[in-house]
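# Per-entry structural report
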Amino acid sequence: EAKEAAEFYVSLFPDSKITSVAMLRDTPSGDTDVVSFELWNHKFMAISAGPLFKFNPAVSFMVNFDPLLFGSSSTAEKDARQKIDMVWSKLAEGGTVIMPIDKYPFSERFGWVQDKYGLSWQLILTDPGGEPRPAIIPALMFVGSKCGKAEEAINFYASVFKNSKPGAIYRYGKDQQPDKEGTIMFADFMIENNWFAANDSAGDHKFDFNEAVSFMVNCADQREIDYYWQKLSAVPEAEQCGWLKDKYGLSWQITSVDMEKMMTKGTQDQIDGVTQAFLPMKKLDLAKLETAYEGK
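Notes on the structure follow. (Residues numbered from 1 in each chain as written. Predicted model: local features only at pLDDT ≥ 70, side-chain atom pairs only at ≥ 80, totals over all residues. Heavy atoms only, no water.)

Within the protein, the secondary structure is distributed over seven helices and 14 strands. On C-alpha atoms alone, the protein measures out to a radius of gyration of 20 Å, which is about the 19 Å that the 2.2 N^0.38 rule sets for 296 residues. Looking at the protein residue by residue over its 296 residues, the buried ones come to 48%. Counting only contacts in the protein whose residues sit at least 6 apart along the sequence, the fraction spanning at least 24 positions is 60%. Per element, the accessible surface of the protein, about 15000 Å² overall, is 51% carbon and sulfur. The averaged location of the 42 negative side-chain charges in the protein is 2 Å from the averaged location of its 31 positive side-chain charges. (Helix = DSSP H or I, 4+ residues; strand = E, 2+ residues; numbered from the N terminus. Rg over C-alpha atoms; globule rule 2.2 N^0.38 Å. Buried < 20%, exposed > 50% of the residue type's maximum accessible area, 1.4 Å probe, protein only. Contact = heavy atoms within 4.5 Å. Areas by Shrake-Rupley, 256 points an atom, 1.4 Å probe, with all protein chains shown as cover. Lys, Arg positive; Asp, Glu negative; His and termini not counted. Charge placed at Lys NZ, Arg CZ, Asp CG, Glu CD.)

Here the amide bond leading from glutamine 177 into proline 178 is cis, since omega sits at 10°, within 30 degrees of zero. With respect to the helices, strands and loops of the structure, proline 178 is situated in the loop between β9 (165-171) and β10 (184-191). Although it is not a glycine, tryptophan 40 sits at a positive phi angle of roughly 50°. Residue placement: tryptophan 40 occurs in the loop between β2 (30-39) and β3 (42-47). Judged by its relative accessible area of 9%, tryptophan 40 falls in the buried class. At cysteine 241, a residue that is not glycine, the phi angle is positive and equals roughly 55°.

Bridge analysis of strand β1 (residues 17-27) against β2 gives eight bridges, and the strand direction is antiparallel. Looking at β2, one finds that isoleucine 18 is bridged to phenylalanine 37. Where β1 folds back on β2, the antiparallel hairpin that results is connected by two residues. (Pairing = 2+ DSSP bridges.)

Structure, rendered in structure tokens:
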């Protein structure tokens, strides 16, 4: 459903488009569509990869409906409110509401929903007086054995990636059980000029991070691939095709800008050659992928 889902999402948000569609043939999931697209200028990739992993709310996407994004006119806040309600109605159709769209202490309008494909979205009418943030921010919820480790994880990612900085941070108080006082109720942070959000949740959740959502690191060369692989990979049995799991269970794809070009600009035969070359790999070997791309 990757292509269908991408087309659906692109129809909902401003400044959105599908940028490429490729097919990976003869993978463990059969012939697989890979769709690159942008939503409100945030880059995504979707893969039709079979029923091995299911989306869950451990990773969701916050969408900031900031009136400033709708211009400086007197109708900007009204326009933002109308847009959030329209997007909510589309995402909720056939989906599951986690928090109904309503007024909450932290926002005049907020809702959390899993759409019909299972992907989770947090829609928020943002206070235009706050520090500006991008329209779409991935949000990480630390649950189960990882609950209480959100702040540690934020500091870890900031140490691994460049161009990093902390953002806002709000902590649970002493009367907010089952959450422990001092743990993260909400925080955001920037790594490699991309904003993320994180929180701890001590509720009885039946989910955790898995491979259904991963984050791509487009490296400049093999040296960068080696660096991020060494810093992030913590679960050897999860290493496959450039994918790894870190010590918190979050999945990353350590790939390269060159491979992105191969998979979007190459002929089908070239894509097939690269696919068969990377399937047996754990960490990607760029020299071998380039050889396969050139048909040698």
